[in-house]
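Read off the chains here:
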There are 2 protein chains.
Amino acid sequence: MNTNQQFAVAIHILTLLAALPDQSLTSAQIAASVNTNPVVIRRILGQLRKQNLVESRSGASGGWKLTRAPSQIHLCSVYDALIRAALLGMHPHPNPGCPIGSHIHPALEKVFEQAEQAMHNALSGFTVQDVLLEIQTLEPAKE
Amino acid sequence: MNTNQQFAVAIHILTLLAALPDQSLTSAQIAASVNTNPVVIRRILGQLRKQNLVESRSGASGGWKLTRAPSQIHLCSVYDALIRAALLGMHPHPNPGCPIGSHIHPALEKVFEQAEQAMHNALSGFTVQDVLLEIQTLEPAKE
DNA sequence: TCATTTGTAACTATTGTAGTTACAAATGAA
DNA sequence: TTCATTTGTAACTACAATAGTTACAAATGA
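The paragraphs below set out a description of the structure included in this document. The shown structure was predicted, so the numbers you read here are calculated from the model rather than taken from an experiment.

The rules behind each value
Residues numbered from 1 in each chain as written. Chains lettered and ligands numbered in written order. Predicted model: local features only at pLDDT ≥ 70, side-chain atom pairs only at ≥ 80, totals over all residues. Heavy atoms only, no water. Near = heavy atom within 4 Å. Polar contact = N/O pair within 3.5 Å; in protein donor to acceptor, adjacent residues only side chain to side chain. Nonpolar A, V, L, I, M, F, W, Y, C, P; charged D, E, K, R; others polar. Phe/Tyr/Trp six-rings, centres within 6.5 Å; stacked < 30°, edge-to-face > 60°. Helix = DSSP H or I, 4+ residues; strand = E, 2+ residues; numbered from the N terminus. Buried < 20%, exposed > 50% of the residue type's maximum accessible area, 1.4 Å probe, protein only. Least-squares fit on C-alpha atoms with pLDDT ≥ 70 in both. Contact = heavy atoms within 4.5 Å.

Around DNA strand C there are 32 residues in total, and A:R49, A:W64, B:Q6, B:T36 and B:R43 lie nearest to it. Considering DNA strand C, the proportion of its atoms within 4 Å of the protein that are sugar or phosphate atoms stands at 67%. The separation between a phosphate oxygen of DNA strand C and a polar main-chain atom of B:Q5 is 3.0 Å. Grouping the constituent residues of the surface near DNA strand C by class yields 7 nonpolar, 18 polar and 7 charged.

Shown next, in the form of structure tokens:
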């Protein structure tokens, strides 16, 4: 199976930051919710910062915050930040002397491109706000 | 990155069988086109046979054939045969004591389900015949 | 001044996959 | 009937991606 959990963790982190908009959270606090090591969190947050989805401050009372409203963070941006390699991979060296082998890559590229674009479009239909609201629906109300 | 090449190899195999409809091909012949080991090919063909996309015969003059016309083999069936695990994976154990951690999985499931379904739908728009025709377009004509 | 926190390098352990070897069972041709 | 061919599958090795961990310099604010 695919062992890459970074996309799921990234959405988890962003949802947590969205739930506590007035504070900045440390990687240790976030790690406690995700149940992993703070360095794993910082690695993922580093990627999210490259896409300008979060900002950080070092030092005492430092931590992480969203750069914009959760309703303005679409999950396709998170995908772009975290999923570097294609989900559908090519085989490396088909036989160039075979009529099929010599042209299978460009033919597959067309198909894979469209398939991944379809997933991308589907993810653009969700925001961090949507995930947060879904969780608040599942969470029993408290006083 | 995703190192799983089986989906790409499976489409390669099916396209090759489609290109030579009147013969059955051995795993060794197919392996020569894919440029890999025959056992790798047989493993993938075994999965394709479970979905009834190909049939095999053991022994002398045995080999593999498609069970139907290439225009009747949609790439979503190949996906179903080969991609067992979800492309978008969950993180294993978010903190059940955290309001976000305790509900992130069902919230993500909704999103991931739709994203993968979108990819599946895109793949259902292509058949092995489409891939073969694309390759024959790329292949310079011969006499 | 100092505790806190990020940023990052380096390392280990685990897991999934490709590739390989080996061989029993099936099968058809001679 | 014999035998070369081929599938089907188990067992193994090698490699690559990732999660998790340790360590520590640099930044920062109390």
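On we go.
Under the definition given, this model contains 4 aromatic pairs over all chains. Each ring, one from A:F7 and one from B:F112, has its centre 5.6 Å from the other, and the planes form 15°; the classification is stacked. Placement of the pair is A:F7 in helix α1 (residues 6–19) and B:F112 in helix α5 (residues 104–123), with the two residues belonging to separate chains. For B:F112, a relative accessible area of 5% corresponds to the buried category. Three or more aromatic residues link up through ring pairs in this structure, and these residues are A:F7, A:Y79 and B:F112.

A few words on the relation of the copies chain B and chain A. The operation relating the two chain copies consists of a rotation about an axis and a shift along that axis. Superposing chain B onto chain A takes a rotation of 180° plus a shift of 0.0 Å along the axis, which leaves an RMSD of 0.0 Å. Accordingly, the operation relating the two chain copies is best matched by a two-fold axis. The residues that chain B uses at the interface reappear at the interface of chain A in 100% of cases, marking a shared surface.

With that settled, the discussion passes to the protein's contact with DNA strand D. In the vicinity of DNA strand D, 30 residues are found, and the nearest of them are A:Q6, A:T36, A:R43, B:R49 and B:W64. Taken together, the sugar and phosphate atoms account for 68% of what DNA strand D places within 4 Å of the protein. Contact between DNA strand D and A:Q5: a phosphate oxygen at 3.0 Å from a main-chain N or O atom of the residue. Contacts to DNA strand D include B:W64, whose side-chain N or O atom sits 2.9 Å from a phosphate oxygen. Elements with a minimum of two residues in the surface near DNA strand D: α3 (38–50) of chain A together with α3 (38–50), β1 (54–57) and β2 (63–66) of chain B. Among the elements that line the surface near DNA strand D, the one with the most residues is α3(B), at 4 residues. Its residues assigned to classes, the surface near DNA strand D shows 7 nonpolar, 17 polar and 6 charged.

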